[in-house]
Amino acid sequence: MMTMMTTALKPTILRAANLENIPWLVHGFSTRSNGTSKSYGGKSLNLGFTKEDARESVETNRSFFLQAVGAADRGKPWPLISLRQIHSDVIHVVSSPKPARLVGDGLITNLPWVALGILTADCFPVLLVDTRNKAVGAFHAGWRGTVQRIAEKGVGVMRREYGTRPEDLRAAIGPGIHKCCYAIGEEVRSQFESQFDYAGELFHEQYSPDPIREKYPLLFLNARPPGHGDTATRMYLDIMEANQRQLLKVGVPEEQISVLAQCTSCDTRKFFSHRAERGQTGRMMALIGIKS
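Residues numbered from 1 in each chain as written. Predicted model: local features only at pLDDT ≥ 70, side-chain atom pairs only at ≥ 80, totals over all residues. Heavy atoms only, no water.

## Some details on the confidence of the model for the protein chain
Right, so step 1: Here the protein chain averages 92 in pLDDT, and 88% of its residues register 70 or above.
Right, so step 2: This model gives residues 4–8 a pLDDT under 50, and the stretch forms nine contacts once residues within four places in sequence are excluded. (pLDDT = per-residue confidence, 0-100. Contact = heavy atoms within 4.5 Å.)

Below, the structure written as structure tokens:
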């Protein structure tokens, strides 16, 4: 479950209920509203350096967001560590508040007073917290990262670096495009089937009426046997479930995994959605850090 916190003159932040009571932790998932960007409908909290937005607006938005989440000391935001995300399974260990430019899709640290940030606009952000060893991780899980098991590998890297045990982890899967809206092609299904024995449970077919096909059925006849022609059905993928299953498989208790139920593609008034807005959209951020 997630709870929502709105503070006057500050961005609207989503928080995971299972992470809120950890005294040394700061975290939050941004939404679309209450920012300074003139792009994407105006007054938007775009946190990505996109071509449609001014860099100054994004930097101001990031400062607002960090302070609203609590990643600031006496009004000065903590260093924000982010990546050039490439839809991979590359995970970086952050051991300095000023690392070199990072390329990949996962970050872990046990440093206090630094903020790890993951940008999304349909892909799922996954946050991990080791409550025993005081370490955190943030991961970007689109379908490519998911099929490469980035959440599962994130647990493994935290085990290697910090001695993390799955039973000590709390996880939060933030806003993303849910199975109601994430239509995919056969090539994506094939990749999941090659990796996961439960892949069949991640997909469902849905009939999508096609007015042209229904009005002019003869245009769509082919030489294939009856019952084997093209149909007006689409295949949908549940990326959220796929990431949750990875966490369960490596031993994170189900009751310690929190999932946001809202779909970014369904609600573009609240969230940015790359798919629903045909690529002309901003970016949200999932952020996590250690107070001390």
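Once the structure has been displayed, the description carries forward.
## Regarding the side chain of S88
Right, so step 1: Counting through the fold element by element, S88 comes out in the loop between strand 7 (80–81) and strand 8 (91–93).
Right, so step 2: Since its relative accessible area comes to 7%, S88 is described here as buried.
Right, so step 3: Engagement of the side chain of S88 in a polar contact is seen with the backbone nitrogen of V90, the distance being 3.1 Å.
Right, so step 4: Within polar-contact distance, the side chain of S88 engages the side chain of D105 at 2.7 Å. (Helix = DSSP H or I, 4+ residues; strand = E, 2+ residues; numbered from the N terminus. Buried < 20%, exposed > 50% of the residue type's maximum accessible area, 1.4 Å probe, protein only. Polar contact = N/O pair within 3.5 Å; in protein donor to acceptor, adjacent residues only side chain to side chain.)

## Here we look at empty space enclosed by the protein
Right, so step 1: Using the criterion set out here, one finds one cavity of 30 Å³ or more in the structure.
Right, so step 2: Taken as a whole, the largest cavity holds about 30 Å³ of empty space.
Right, so step 3: Lining the largest cavity are F29, S30, T120, P125, P175, M284, M285 and A286.
Right, so step 4: Counting residues per element, the ones that place at least two in the lining of the largest cavity are strand 3 (25–30) and strand 18 (284–290).
Right, so step 5: Top contributing element to the lining of the largest cavity by residue count: strand 18, with three residues.
Right, so step 6: Considering only residue class, the lining of the largest cavity consists of six nonpolar, two polar and no charged. (1 Å grid on protein atoms, 1.4 Å probe; cavity = no way out; pocket = protein on both sides within 12 Å on 5 of 7 lines; lining within 4 Å. Points joined across faces, edges and corners; volume = space filled by probe spheres on them. Nonpolar A, V, L, I, M, F, W, Y, C, P; charged D, E, K, R; others polar.)

## Some words on the layout of surface pockets
If you roll a probe as big as a water molecule over the atoms, it shows you where there is empty space left.
Right, so step 1: Each pocket or cavity is described by its volume, and for the largest pocket that value is around 850 Å³.
Right, so step 2: L83, Q85, L119, H140 and R283 are, among the 32 residues lining the largest pocket, the residues nearest its centre.
Right, so step 3: Looking at the lining of the largest pocket, the elements that each hand over two or more residues are strand 7, strand 10 (115–120) and helix 2 (143–147).
Right, so step 4: Taken together, the residues of the lining of the largest pocket break down into 15 nonpolar, nine polar and eight charged.

## With respect to the pattern of salt bridges
Right, so step 1: With the rule as written, the count across this model stands at ten salt bridges.
Right, so step 2: The shortest N-O distance in the salt bridge between E167 and R165 comes to 3.6 Å.
Right, so step 3: The network of salt bridges with shared partners includes R165, E167 and D168. (Salt bridge = Lys/Arg side-chain N within 4 Å of Asp/Glu carboxyl O.)

## Focus: the sheet that holds strand 13 (residues 169–173)
Right, so step 1: Overall, mixed pairing links the six strands, which are arranged 8-9-12-11-13-17 in an open sheet. For this open sheet the edge positions go to strand 8 and strand 17 (257–259), each flanked by a neighbour on one side alone. Within the sheet, the average angular offset between the axes of one strand and its neighbour, ignoring direction, is 15 degrees.
Right, so step 2: Where strand 13 meets strand 17, three bridges bridge the pair, whose relative direction is parallel. The residue bridging I173 from the neighbouring strand is V259, located in strand 17. (Pairing = 2+ DSSP bridges. Axes fitted to C-alpha atoms, helices over the stretch in contact; angles between N-to-C directions.)

## Quick word on the state of the cysteines
Right, so step 1: For the coordinates displayed, the defined rule picks out zero disulfides.
Right, so step 2: The thiol of C180 is unpaired, and the distance to the nearest cysteine sulfur, on C266, comes to 3.6 Å. (Disulfide = S-S within 2.5 Å.)

## A closer look at the sheet that holds strand 15 (residues 203–207)
Right, so step 1: Strands sit in the order 14-16-15 across an open sheet of three strands; the sheet is antiparallel. Every interior strand has two partners, whereas the edge strands, strand 14 (183–184) and strand 15, have only one.
Right, so step 2: When strand 14 meets strand 16 (residues 233–237), the two strands line up antiparallel, connected through two bridges. Residue pairing for strand 16: A183 is matched across the bridge by Y236.
Right, so step 3: Relative to strand 15, helix 4 (residues 186–195) is tilted by about 155 degrees, and along the sheet it contacts strand 14, strand 15 and strand 16.

## Focus: the environment of V58
Right, so step 1: Residue placement: V58 occurs in helix 1 (residues 55–69).
Right, so step 2: C-alpha of V58 to C-alpha of L47: the two residues are eleven residues apart in sequence and 5.4 Å apart in space.

## Section: the packing of aromatic side chains
Right, so step 1: In this structure the tally under the stated criterion is four aromatic pairs.
Right, so step 2: With 6.0 Å between their ring centres and 85 degrees between their planes, F192 and F203 make a pair best called edge-to-face. Remark: F203 occurs in strand 15 and F192 occurs in helix 4; sequence separation between them is eleven residues.
Right, so step 3: F192 gets classed as buried once you look at its relative accessible area, which sits at 0%.
Right, so step 4: Taken together, the ring pairs in this structure connect F192, F196, Y198 and F203 into an aromatic cluster.
Right, so step 5: Taking NZ or CZ as reference, R55 lies 4.0 Å from the ring centre of F49, over its face.
Right, so step 6: If you follow R189 out to its NZ or CZ, it ends over the ring of F203, 5.5 Å from the centre. (Phe/Tyr/Trp six-rings, centres within 6.5 Å; stacked < 30°, edge-to-face > 60°. Lys NZ or Arg CZ within 6 Å of the ring centre and 35° of its normal.)

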